[in-house]
Amino acid sequence: MKRINFTSIICFFGGLMIFVLTLSFAVSFSLCLPLHAEEGMLPLSEIHKLDLKTKGLKIDPAQVYNPNGISLIDGIINLSGCTASFVSGEGLILTNYHCAFRAIQSLTTKDDDYMQAGFLAKERGGEMPAKSYRVRITESYRDVSTQVLSVVKKKMDYAERTKAIEKKIKEIELKAEKQNPGKRARVAEMFVGKSYVLFISTDIKDVRLVFAPPRSIGEYGGEIDNWMWPRHTGDFAFMRAYVAPDGAMAGYSPENVPYRPRKHLKIAPQGVKAEDFVFILGYPGRTRRHSTSHFVSFEEEVRLPYVVDLYGKLISVLEEMSEQDRAAAIKLAPRTGGFWNRKKRYSGQLQGLKKVKLVDKKRAEEKAMQDFIDRDKKNKKKYGNLLESFANFYAEKRATAEYELTLDYLFQSYPLRSAYTVYEASIERKKKDTDRLSAYMERNFSRTKERLEMRMSNYFEPYEKVALKEMLLRAARLKGDKKIAVVENIIKGKTGTGVEKAIDAFIEASYKKTKLKDPAFVMGLFGKNPAELKSLEDPFLEFAAALSPDIVAHDKNKKRRKGISAGLLSRLVDIKKQFLGKDFLPDANSTLRLTYGRVRGYSPKDAVYSLPFTTIKGIVEKHTGQEPFDAPLKLMDLHRAKDFGQFKHPELDDVPVAMLYNLDTVGGNSGSPVLNAFGELVGLNFDRVYEATINDYAWNESYSRSIGVDVRFILWFTQKFAGADHLLKEMNIF
Ligand code: ASP
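Residues numbered from 1 in each chain as written. Predicted model: local features only at pLDDT ≥ 70, side-chain atom pairs only at ≥ 80, totals over all residues. Heavy atoms only, no water.

## Some remarks on the overall build of the protein
Assigned secondary structure in the protein consists of 28 helices and 20 strands. Here the C-alpha radius of gyration of the protein, 26 Å, is about what a compact globule of 734 residues would show, namely 27 Å. When the backbone C-alpha atoms are referred to their principal axes, the protein occupies close to 70 × 70 × 55 Å. Burial analysis of the protein (734 residues in total) assigns 58% to the buried set. In the protein, the share of contacts with a sequence separation of at least 24, taken over all contacts with a separation of at least 6, comes to 80%. By element, 53% of the accessible surface of the protein is carried by carbon and sulfur atoms, the whole surface being about 30300 Å². If you average the places of the 117 positive and of the 93 negative side-chain charges in the protein, the two averages end up 5 Å apart. (Helix = DSSP H or I, 4+ residues; strand = E, 2+ residues; numbered from the N terminus. Rg over C-alpha atoms; globule rule 2.2 N^0.38 Å. Buried < 20%, exposed > 50% of the residue type's maximum accessible area, 1.4 Å probe, protein only. Contact = heavy atoms within 4.5 Å. Areas by Shrake-Rupley, 256 points an atom, 1.4 Å probe, with all protein chains shown as cover. Lys, Arg positive; Asp, Glu negative; His and termini not counted. Charge placed at Lys NZ, Arg CZ, Asp CG, Glu CD.)

## Regarding the site of the ligand
Near the ligand the following residues occur: His98, Trp227, Asn341, Val666, Gly667, Ser670, Phe686, Asp687 and Arg688. Note that an oxygen atom of the ligand is positioned 3.3 Å from one of the side-chain N or O atoms of His98. Isolated, the ligand exposes 270 Å² of accessible area, and the fraction of that covered by the protein chains is 90%. Take the shell around the ligand: its biggest share by element is three residues, from strand S19 (residues 681-688). Across the shell around the ligand, the residue classes break down as three nonpolar, four polar and two charged. (Near = heavy atom within 4 Å. Polar contact = N/O pair within 3.5 Å; in protein donor to acceptor, adjacent residues only side chain to side chain. Nonpolar A, V, L, I, M, F, W, Y, C, P; charged D, E, K, R; others polar.)

## Digging into the layout of surface pockets
Rolled over the atoms, a probe with the dimensions of a water molecule shows which regions are left empty. Empty space within the second largest pocket amounts to approximately 450 Å³. Along the wall of the second largest pocket there are 23 residues; nearest its centre are Phe613, Thr614, Thr615, Lys617 and Leu652. Taken together, the elements giving at least two residues each to the lining of the second largest pocket come down to strand S16 (613-615) and helix H25 (616-622). Of all the elements, H25 adds the most residues to the lining of the second largest pocket, at four residues. For the lining of the second largest pocket, a count of residues per class yields nine nonpolar, seven polar and seven charged. (1 Å grid on protein atoms, 1.4 Å probe; cavity = no way out; pocket = protein on both sides within 12 Å on 5 of 7 lines; lining within 4 Å. Points joined across faces, edges and corners; volume = space filled by probe spheres on them.)

## Section: the environment of Val486
With respect to the helices and strands, the residue Val486 is situated in helix H20 (residues 485-491). With a relative accessible area of 9%, Val486 lands in the buried category. Considered as a pair, Val486 and Arg303 are 183 residues apart in the sequence and their alpha carbons are 24 Å apart. When sequence neighbours within four positions are dropped, the list of residues in contact with Val486 reads Phe543, Ala546 and Leu547.

Listed below in structure tokens is the structure:
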């Protein structure tokens with residue numbers, strides 16, 4: 001990993017979250033032990049500033065991250081949005097079951113039900129392509145803030161400003177890819193409107209599934225246990241990266257050979273114990289900790305309730321359809337699981353935000369900051385109206401939120417989504433490459449098509465119809481002057497039951513006529529121009545064309561808002577620095593980060609303390625034989641026989657299944673290796689406790705706990721249950 005001329009993107013650490021609610025027991029508990037964990041996901045540029053040795057690291061920090069040589073960072077990968085790591089010199093990858101799930105699901109048929117039975121390739125030849133998966137290895141990074149911001153001119157309005165920045169970013173990425181053939185470039189915004197970093201990565205396109213446990217292990221406890229502790233989920237899977245025989249990054253081919261990573265992680269089969277130092281290297285997705293009370297209350301009152309309500313409705317349809325038909329259940333599984341996961345996370349956030357009174361706390365801090373601003377003439381001139389501007393910004397956003405959310409979530413049904421993508425492609429592909437929406441640029445277009453094809457492979461008509469109806473009904477209910485013209489045209493001024501009837505009639509007639517049910521037909525539409533698409537007279541393509549003015553205006557408005565908020569947020573960072581007199585880190589943004597802390601339990605509520613390890617005994621105790629508590633009988637037999645091999649926890653007299661630690665993680669950290677003081681893998685991060693769903697907005701040592709699968713369970717299950725000794729040998733376990 002190389003660091004190229006990185007100008008510091010430092011900022012300050014927000015003590016902002018420190019005031020979040022702390023349970024009395026947790027306070028007294030944590031006071032008697034060193035805290036060690038700190039809020040924050042350190043970007044690469046910050047790691048060397050931290051004295052990791054005093055925190056508990058037992059190796060040279062240069063072995064963790066070395067910009068001029070090989071270090072642990074080189075063994076960490078971004079796996080299609082999740083994190084994963086290389087665990088052998090032959091490209092073997094360890095990640096979460098839920099991160100590999102799309103691959104498992106897409107290979108599953110009624111006859112070869114890998115979701116139910118699990119999947120194991122006995123030899124390399126049997127490893128199956130994980131379609132559309134990408135392995136991304138970060139190679140180098142450099143600050144490009146000056147270049148990016150050089151295009152901002154005083155006279156520009158907010159939308160122009162955003163457009164100019166986005167275009168410049170595209171140009172930087174294109175140039176970097178030209179200078180680094182075969183590599184991928186991405187500019188990440190670190191501090192909104194302020195600092196930008198160019199990351200160069202290697203992208204591997206041939207990824208294969210090696211071993212996945214049955215779903216009854218990989219998702220044991222299902223949605224009942226999701227985001228909860230105590231947890232007994234074996235959320236792990238193995239994959240492998242392949243490249244062309246000459247080392248080039250090629251798409252799937254039987255001729256391809258396993259990739260030889262520069263670095264792979266060593267496994268520590270003995271695991272860890274409570275209070276041990278651990279750290280995580282990974283790609284946390286998105287946090288919003290440097291946000292205002294106005295943003296959080298918008299989330300709490302508007303966006304999160306909207307999504308919880310929508311997904312709640314769609315989930316009940318998905319579940320009902322899945323219960324009746326296994327083939328439908330297989331096709332609908334990614335949507336059912338995805339919606340459940342988000343719905344429960346958002347519900348947790350709604351409860352958590354209220355419980356810790358984050359809005360009130362942010363308001364109090366903003367009031368103190370306003371007083372601080374007003375006390376100084378210069379500050380008053382520069383920042384005097386800043387917080388008021390945030391208030392106005394969110395007031396405007398609230399006024400049209402229902403309309404905008406309806407547009408954001410409109411494409412629930414695949415034929416309509418396909419129609420819009422194809423239509424948009426026909427317009428965008430005519431433009432100069434850097435003027436196109438990024439999905440249609442030359443460097444991204446094949447991926448856009450690939451994703452759509454993957455979606456269409458899960459087409460299930462009864463559900464597509466219901467999902468479309470739900471969204472059209474929501475659109476029909478919009479009040480005021482913000483309405484969607486194409487939907488108004490369907491309902492033609494009808495009211496009451498007339499609206500539903502008109503929508504039903506539109507859906508029935510459209511499905512009778514459309515050819516966009518067929519994935520091959522949809523894919524064949526790419527490359528056609530708008531006139532050719534029009535001549536097909538397909539109802540969904542016609543709908544897409546008529547909808548386009550709303551979407552285009554909505555996108556333009558989003559750009560305008562992005563420009564405004566970038567200006568406001570960058571000023572907020574400046575004044576917050578003065579106000580707090582402290583440095584803080586940029587919010588997570590899907591770039592490589594390090595977080596550290598201890599294996600530790602917590603007190604989720606009065607009189608309750610949760611221990612940091614669960615064991616197989618807990619799987620047996622929860623077993624009912626009914627999904628999602630239907631552990632395989634072989635596992636129960638192995639447990640009864642106490643056949644634990646070398647993977648037993650010395651004190652617990654059992655194999656640990658999951659563990660808790662006080663590290664700062666969010667979505668995107670799924671699949672991140674949990675590493676011990678020697679940098680060896682002791683677990684696999686996969687979730688957070690319910691109270692920590694609000695990590696996206698606020699973090700606190702008292703309640704922010706993340707959950708990992710214990711490496712001992714991974715190895716035990718792989719050996720004793722699946723008999724995959726060859727994988728253990730490959731990881732040098734014997
Ligand atoms: N299980 C989580 C997810 O998939 C990971 C996290 O957000 O902590 O979103």
